[in-house]
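Results of the structural survey
In case you want the letters, here they are:
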Amino acid sequence: MAAILRFRKLCFLEPVKCSTVSVQSFEKPKNDEKQSFEQPQKPESLVSAIERVLEKPKSKKIKKQPKEWRCVDSCCWLIGYLCTSWWLLLFLCNFLPANLPGLRVPEAPGVRLKRDGLTALHPVVLVPGIVTGGLELWEGRPCSEGLFRKRLWGGSFTEIFKRPLCWLEHLSLDNETGLDPPGIRVRAVPGLVAADYFAPGYFVWAVLIENLAKIGYEQKNMYMAAYDWRLSFQNTEIRDQSLSRLKSKIELMYVTNGYKKVVVVPHSMGVIYFLHFLKWVEAPPLVGGGGGQGWCAKHIKAIMNIGPAFLGVPKAVANILSAEGRDVAFIRSMAPGLLDSETFGFQTLQHIMRVSRTWDSVISLVPRGGETIWGDLNKSPEVENICYTSKARYLQSSSKENNGNDTDAKRSFHVKELPRYGRIISFGKEKLELPSSQLSIIDSKELMRGSASRNSNTSCGEVSSEYDEMSRNNIKKVAESDAYTASSLLDLLRFVAPKMMKRAEAHFSHGIAEDLDDLKYTHYKFWSNPLETKLPDAPDMEIFCSYGVGIPTERSYVYKLSSSDRCKSIPLQIDSSAYGSDNGCLKGGVHFVDGDESVPVVSAGFMCAKGWRGKTRFNPSGISTYIREHQHKAPSSLLEGRGTESGAHVDIMGNVAFIEDVLRIAGGATGAELGGNRIYSDIMKMSERINIRL
C-alpha cells in the first residue's frame, strides 16, 4: 500500500512523465515480472524501474512521414496568395502618398470644370442596365430567414456561398407569367446606391455621380431610375409602376429646378428600356402614361446613351443556348465537368440556365433586324473587319473628322480570308469556310415540327432545363443545320427554349417595320425596337451614342454537341478548339469584331450613324444625333485601377472624356459645342453596307 501511495504522489508531481509510465504499466507483463504484481515491491526498486522506463523513449525517436500534397492544399495556397495580393494592392492604393512620382492621380473632370465656371443646370436622370442594379428581398421562403431587405444581387454576394440554392430560387421568376413566384418578392434597391457600386470596390455609376456632385448636383436634381432588370419592360410598370414613377420624377425635377429640361443618361440595356419609356409616356392611359405627343419635347433636353445595345448583342444568344461566353467556354474546356458536373453537385451552368431563362429581359438583347443588319450566310457589315492581337489593338492615334467621314488609318494585322460573321451560330469550324450553296440548312418549319415531340417526364432531378424535355434525336437535329443567321436563330431559340420564347416574345419584337403607321406598331412589344418605332416629335432634343471601341467583342460562335449525358450537362457547347489563322478573328470558338467587349460597334452606332441621321422614317422630326466614340486605352499599371481612358462596357463610366461630355451637356452645352461626332471605328462604312429603307 505504501508503494501505491508513493506512485500516486510521483504522478501528481510529474504528470507528463506519468503518462508515459502509465502506458508502459498497462502492457502485458512478462514471466519474470508477474511477481511484481503479486507481491508488493520496495520503494527503491519501484523508482529505479520508473527511471529505466523513462530512458527508453529517448533512444527510440519516431520520424514523422512527410505529408502528402493534395489538390485541396494547392487550392488553399492559391486562394491565400490571391487574398494577400488583393489586400496588398488595397494598402498601396490607399496608404501610399499621392504625391510620389508616378502616383499622382489626374485631376477629376468635375474639379477642373467647376474651376472653369461650370455649374449644375439641367436635372440628370441615370438609367442602369441589366445586371448592374441591386435587388433586395421583401418576402421569401423559410430558407431566406434573416435576409429581409438584404441585397440578393449586388453588394457582397455572401449569400451565394452561404445558401446558393436558396439564393437562386429567389432570383428566379415564374416561368409562366414572368413575374414573382408565389411567396417570393424581390425588388429593386431604390436611390443612387442602387447601382453606384456593383460590388465593394467595383464602381458602376459612382465615379460619374461624384463628378456631378463636384459641380453642384445632389439628390434634388439627380435621380437613379432603378428598376427590376429581370422583368420585361412593360412588366416593370405592371408590377412596380416603375415607368409611372420615372415620369413623375422627371416632371417634378423639371418644375423644381426652374423648368429646366432633363438630361437622361441610360446605360446598356437601360438604353432600350428608356426607348420603351419614350413611347409609353406619350401613349394613352391603360397602356401608356398619357403624357401626350408633346411630353418629351417639353421635358427632355438630351439622351446620352452609354454602350447602347440598340440592335442587341450576340452574347445573349450564347447565354440562352448554353449559358456561356468566351470565358466560360475556356474554363469548360480546361476543366471538363467542373461547371456542370453532377458528381460534385455543382451543375453551375445548368443552374444559371434554369434561372436566366426565367428573365424576360434577356430576350430584349437578342440581335434585332435579322440578316439586313447582321448579315447573311455570305456577308456582313463587318466584311472588312481587321483582327488584331491584344498587343496591337489599334495603331491610329487621331480621330476621324467631326462630320463622320472615315480616315485612311488602318490596323496592323490582316486576315487572308474574310470571316463570315453573318453565321452567328455554326456547327463545326469547317462549315465557316464553305460557300452557302454547300451548307445543309434545315427549313424553320421542319425544325419547329420536331419541337412538338418532347418528353413530358425527366429524370434529371431538381436541376432541369428545357433541354431535358427534348429527345436526343431532336437535339441532334439542331446540329444538322450547319449555320444559323440572325433570322433563323430565332427559330432555333424557339426550338430549344419554347417556354421562354413564348412568354418573352409577347413583350419584344426583333424585326424591321415595313409601315410604321400600321396600327399594330402601337403595341408595347415594338416600343423597345428602334427599327419598329418612331422617335418622339421633339426636334430640339439631342441623342448621343457614346461607346468604347478597340476591344475584341463577341460576334459569332462555333458550336458542337456535348459528349456528356444530357441530364448531366447542357447538350450544346462552344467548340473551344476552333481557331482561325494567326492573329485571326476566330479564337476559342468565338469570332471577334470591334466593340466595347460586350456590344459590337454595329449595334451601338448604327442608329446614330444612319437610322436616325437626319429626317428618316424612324426619326420624323429630325432629332440631332451624335456619335461619341472612346478609343480604349488600358491602364498602364495596377495603381491606375480600371483606367481613366477605358472603353470597356462598364469601365467607360470612369472615362475622363466621357464624364466631361456628360457634365458639359448637363451644364447647358449642345452636341455641336462638344465638337460634333468623334469616330474611330468603321461604323460609317458598316452603315453604308446595311441596305435599309429610311
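Residues numbered from 1 in each chain as written. Predicted model: local features only at pLDDT ≥ 70, side-chain atom pairs only at ≥ 80, totals over all residues. Heavy atoms only, no water.

**Considering the packing of aromatic side chains**
Aromatic ring pairs are reported here in terms of the distance separating the ring centres and the angle at which the planes meet. For the record, the criterion: Stacked, edge-to-face and tilted labels apply to pairs of Phe, Tyr and Trp rings (six-membered ring for Trp) whose centres lie within 6.5 Å, assigned for plane angles under 30 degrees, over 60, and everything in between, in that order. Secondary structure is summarised from DSSP: a helix means a run of H or I of at least four residues, a strand means a run of E of at least two, and numbering begins at the N terminus for each.
A full pass over the atoms with the stated rule returns 21 aromatic pairs. Arranged with centres 5.5 Å apart and planes meeting at 85 degrees, the rings of Trp 138 and Phe 148 form a pair that is edge-to-face. Of this pair, Trp 138 sits in strand 2 (residues 135–139) while Phe 148 is found in the loop between strand 2 and strand 3 (151–153), placing the two residues 10 residues apart along the sequence. Measuring from ring centre to ring centre gives 6.5 Å for Phe 198 and Tyr 202, while their planes differ by 70 degrees; the resulting arrangement is edge-to-face.

**Topic: the state of the cysteines**
The condition is simple: Count a disulfide wherever a pair of cysteine sulfur atoms falls within 2.5 Å. Buried, partly exposed and exposed residues are distinguished by accessible area as a fraction of the type maximum, computed with a 1.4 Å probe on protein chains only: under 20%, between the cut-offs, and over 50%, respectively.
One pass over the full model with this rule turns up 2 disulfides. With its sulfur 2.1 Å from that of its partner, Cys 143 forms a disulfide with Cys 166. Residues Cys 143 and Cys 166 are joined by a disulfide whose S-S torsion is about 80 degrees; by sign, that bridge is right-handed. Within this pair, whereas Cys 143 is found in the loop between strand 2 and strand 3, its partner Cys 166 is found in helix 8 (residues 164–171), the two being separated by 23 residues in sequence. Exposure remark for Cys 166: the relative accessible area of 10% places this residue in the buried category. Across the disulfide from Cys 545 sits Cys 608; the S-S distance is 2.0 Å.

**A look at the sheet that holds strand 8 (residues 262–266)**
Going by this rule: At least two bridges found by DSSP between two strands is the condition for calling them paired. Simply put, an axis is a line fit to the C-alpha atoms, just over the touching stretch for a helix, and the angle between two N-to-C directions goes from 0 to 180 degrees. Note on contacts: a residue pair qualifies if any of its non-hydrogen atoms lie within 4.5 Å across the two residues.
Spatial ordering of the open sheet is given by 7-1-8-9-12-17, a layout of 6 strands whose pairing is parallel. At either margin of the open sheet sits one strand with a lone partner, and together these are strand 7 (222–224) and strand 17 (624–631). Geometrically, the sheet is characterised by an average inter-axis angle of 15 degrees between neighbouring strands, direction not taken into account. By the bridge criterion, 3 bridges tie strand 1 (residues 124–127) to strand 7 in an arrangement that is parallel. Across the sheet, residue Val 125 finds its bridge partner in strand 7, namely Tyr 223. Here helix 23 (residues 656–666) sits on the sheet in contact with strand 1, strand 8, strand 9 (300–306), strand 12 (542–549) and strand 17, set at roughly 170 degrees to strand 9.

**Re the pattern of salt bridges**
Oppositely charged side chains may form a pair once their charged atoms are brought near each other. Our working definition: By convention in these notes, a salt bridge is any Lys or Arg side-chain nitrogen within 4 Å of a carboxyl oxygen on Asp or Glu.
Evaluated as defined, the whole model comprises 25 salt bridges. Notably, a salt bridge pairs Lys 214 with Glu 210, separated by 3.8 Å at the nearest N-O pair. Pair noted here: Lys 214 and Glu 210 are both in helix 9 (residues 206–214), with a separation of 4 residues, about one helical turn. For Lys 214, a relative accessible area of 28% gives the class partly exposed. Residue Glu 210 is classed as partly exposed on the basis of its relative accessible area of 48%. Asp 517 is the salt-bridge partner of Lys 534, the closest N and O atoms lying 2.7 Å from each other. Placement of the pair is Lys 534 in the loop between helix 21 (498–504) and strand 12 and Asp 517 in the loop between helix 21 and strand 12, with a sequence separation of 17 residues. By relative accessible area, which is 55% here, Asp 517 ends up exposed. Among the charged side chains, a salt-bridge network with shared partners connects Asp 180, Arg 187, Asp 228, Arg 230, Arg 239 and Asp 240.

**Here we look at the packing of helix 10 (residues 233–240) against helix 11 (residues 242–256)**
The condition is simple: Any angle between 65 and 115 degrees counts as roughly perpendicular, while under 35 counts as roughly parallel, over 145 as roughly antiparallel, and the rest as oblique. Basically, the charged four are Asp, Glu, Lys and Arg, the nonpolar ten are Ala, Val, Leu, Ile, Met, Phe, Trp, Tyr, Cys and Pro, and anything else, Gly included, counts as polar.
Running from N to C, helix 10 and helix 11 cross one another at 85 degrees; their axes reach a closest spacing of 6 Å. Overall, the two elements helix 10 and helix 11 adopt an arrangement that is roughly perpendicular. Touching Phe 233, Gln 234, Thr 236, Glu 237 and Asp 240 of helix 10 are Ser 242, Leu 243, Ser 244 and Arg 245, all from helix 11. For the contact of helix 10 with helix 11, the per-class residue count stands at 2 nonpolar, 4 polar and 3 charged.

**Quick notes on the sheet that holds strand 2**
One open sheet accounts for 3 strands, arranged 3-2-4; its pairing is antiparallel. Unpaired on one side and paired on the other, strand 3 and strand 4 (185–188) mark the two borders of the sheet. If you compare each strand with its neighbour and ignore which way they point, the axes differ by 45 degrees on average. The strands touched by helix 8 are strand 2, strand 3 and strand 4; relative to strand 3, the strand with the most contacts, the crossing angle is about 80 degrees.

**Some thoughts on the nonpolar core**
Condition: Joining through side-chain atoms within 4.5 Å is the link that ties buried Ala, Val, Leu, Ile, Met, Phe, Trp, Tyr and Cys residues into a set, and such a set is a nonpolar core.
Judged by nonpolar contacts, the single largest core of 122 residues is most densely connected at Val 125, Phe 274, Phe 277, Ile 300, Leu 321, Ile 425 and Tyr 559. Among the elements that line this core, the one with the most residues is helix 12 (residues 269–282), at 10 residues. If you look at the next biggest cluster of nonpolar residues, it comprises 35 residues, including Val 124, Val 204, Val 265 and Phe 658.

**Concerning the confidence of the model for the protein**
The condition that has to hold: Confidence of the predictor at the level of single residues is given by pLDDT, which spans 0 to 100.
Across the protein, the average pLDDT comes to 81, with 74% of residues at 70 or higher. Segment residues 7–42: pLDDT under 50, and 15 contacts once partners within four positions in sequence are set aside and those in other chains are kept. Throughout residues 389–416 the model reports pLDDT below 50, and contacts reaching past four residues in sequence, or to other chains, amount to 61 contacts.

**Some thoughts on unusual backbone geometry**
You will see that Val 131, though not glycine, has its phi angle at about 75 degrees, which is positive. With respect to the helices and strands, Val 131 occurs in the loop between strand 1 and strand 2. Accessibility expressed as a relative area gives 29% for Val 131, which makes it partly exposed. One non-glycine residue, Ser 268, lies in positive phi territory at about 55 degrees. Position of Ser 268 among the secondary structure elements: in the loop between strand 8 and helix 12.

**Observations concerning helix 11**
The criterion, for reference: Between the first and last residue of a helix there are one fewer steps than residues, each counted as 1.5 Å, and that sum is the expected span. Each C-beta atom gives one direction from the helix axis, and the arc is the one those directions make.
Taking 1.5 Å of rise per residue, the 15 residues of helix 11 would be expected to cover 21 Å, and the 21 Å separating its terminal C-alpha atoms lies within 8% of that figure. For helix 11, the full list of buried residues reads Ser 242, Leu 243, Leu 246, Lys 247, Ile 250, Met 253 and Tyr 254. All buried residues of helix 11 project into a common sector of 140 degrees when viewed along the axis, lining one side. Close packing links the buried residues of helix 11 with strand 1, strand 7, helix 10, strand 8, helix 12 and helix 13 (295–299). Just past helix 11, the residue Gly 258 takes up positive phi, approximately 70 degrees.

**Comments concerning the side chain of Arg 628**
Stated formally: The term polar contact refers here to a pair of N or O atoms within 3.5 Å; inside protein, the definition further demands a hydrogen-donor-capable atom paired with an acceptor-capable atom, and it admits residues adjacent in sequence only when both atoms are side-chain atoms.
Inspection of the secondary structure puts Arg 628 in strand 17. Judged by its relative accessible area of 5%, Arg 628 is buried. Within the structure, Arg 628 has its side chain in polar contact with the backbone oxygen of Gly 676 (distance 2.9 Å). In this structure, Arg 628 is in contact with Phe 544, Cys 545, Ser 546, Tyr 547, Asp 661, Leu 674, Gly 675, Gly 676, Asn 677 and Arg 678, ignoring residues within four places of it in sequence.

**Looking at the pairing of strand 12**
The buried fraction of strand 12 amounts to 8 of the 8 residues, a majority that puts the element mostly inside the structure. Side-chain alternation along strand 12 places Glu 542, Phe 544, Ser 546 and Gly 548 on one buried face and Ile 543, Cys 545, Tyr 547 and Val 549 on a second face that is also buried. When strand 9 meets strand 12, the two strands line up parallel, connected through 5 bridges. Of the residues in strand 12, the one forming a bridge with Asn 305 is Cys 545.

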